[in-house]
Amino acid sequence: MGTGTGDKAKGTWDEVKGKAKQKYGEATDNPSKEAEGKVQQVKGEGKQAWGNVKNAGQKVREAKDEVKD
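Residues numbered from 1 in each chain as written. Predicted model: local features only at pLDDT ≥ 70, side-chain atom pairs only at ≥ 80, totals over all residues. Heavy atoms only, no water.

A. Highlighting the overall build of the protein chain. Of the regular secondary structure elements, the protein chain holds two helices and zero strands. Relative to its length of 69 residues, the protein chain is extended, with a C-alpha radius of gyration of 17 Å against a globular reference of 11 Å. Overall size of the protein chain, expressed as C-alpha extent along the three principal axes, is 60 × 15 × 10 Å. Buried positions account for 20% of the 69 residues belonging to the protein chain. Of the contacts made within the protein chain by residues no fewer than 6 positions apart, 61% connect residues no fewer than 24 positions apart. Split by element, the accessible area of the protein chain, about 5,000 Å² in all, is 57% carbon and sulfur. The average position of the 15 basic charges and that of the 12 acidic charges among the side chains of the protein chain differ by 3 Å. (Helix = DSSP H or I, 4+ residues; strand = E, 2+ residues; numbered from the N terminus. Rg over C-alpha atoms; globule rule 2.2 N^0.38 Å. Buried < 20%, exposed > 50% of the residue type's maximum accessible area, 1.4 Å probe, protein only. Contact = heavy atoms within 4.5 Å. Areas by Shrake-Rupley, 256 points an atom, 1.4 Å probe, with all protein chains shown as cover. Lys, Arg positive; Asp, Glu negative; His and termini not counted. Charge placed at Lys NZ, Arg CZ, Asp CG, Glu CD.)

Printed below as a string of C-alpha cells:
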C-alpha cells in the first residue's frame, strides 16, 4: 500500500461529506452550508492530490532502490 493511500481515502471522504453538505444547503436554501460543502469538496480534492504525490514519490524511491541493486 502506498504512503499516500490514507490521504487519498480521507480526501474521498471529505469530498463525499462536502457534496452532501452542498446538496443540503441547496435543498434548504442555505447558501452558507452550500458554500461550506463546496470548500470541503475542494479540501478533499487537495488531500487526494497530495496522496497521489506521496505515492509517486514512493514509486521513485522504490525504482531508485532497484537500480542500486
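B. The arrangement of the pattern of salt bridges in detail. With the rule as written, the count across this model stands at seven salt bridges. Of the charged contacts, one joins Lys33 and Glu36 as a salt bridge, the two residues approaching to 3.8 Å between their closest N and O atoms. Here Glu36 and Lys33 lie together in helix 2 (residues 31–68), a separation of three residues that amounts to about one turn. Take Glu36: its relative accessible area is 35%, and that puts it in the partly exposed class. (Salt bridge = Lys/Arg side-chain N within 4 Å of Asp/Glu carboxyl O.)

C. Broad picture of helix 1 (residues 5–27). Here helix 1 contains 23 residues, and its C-alpha end-to-end distance of 33 Å stays within 8% of the 33 Å for a straight helix at 1.5 Å per residue. Here helix 1 has its buried residues at Asp7, Gly11, Asp14, Glu15, Gly18, Gln22 and Gly25. On the buried face of helix 1, the contacting elements are helix 2. Remark: Asp29 follows helix 1 within two positions and exhibits a positive phi of approximately 55°. (Expected span 1.5 Å × (residues − 1).)

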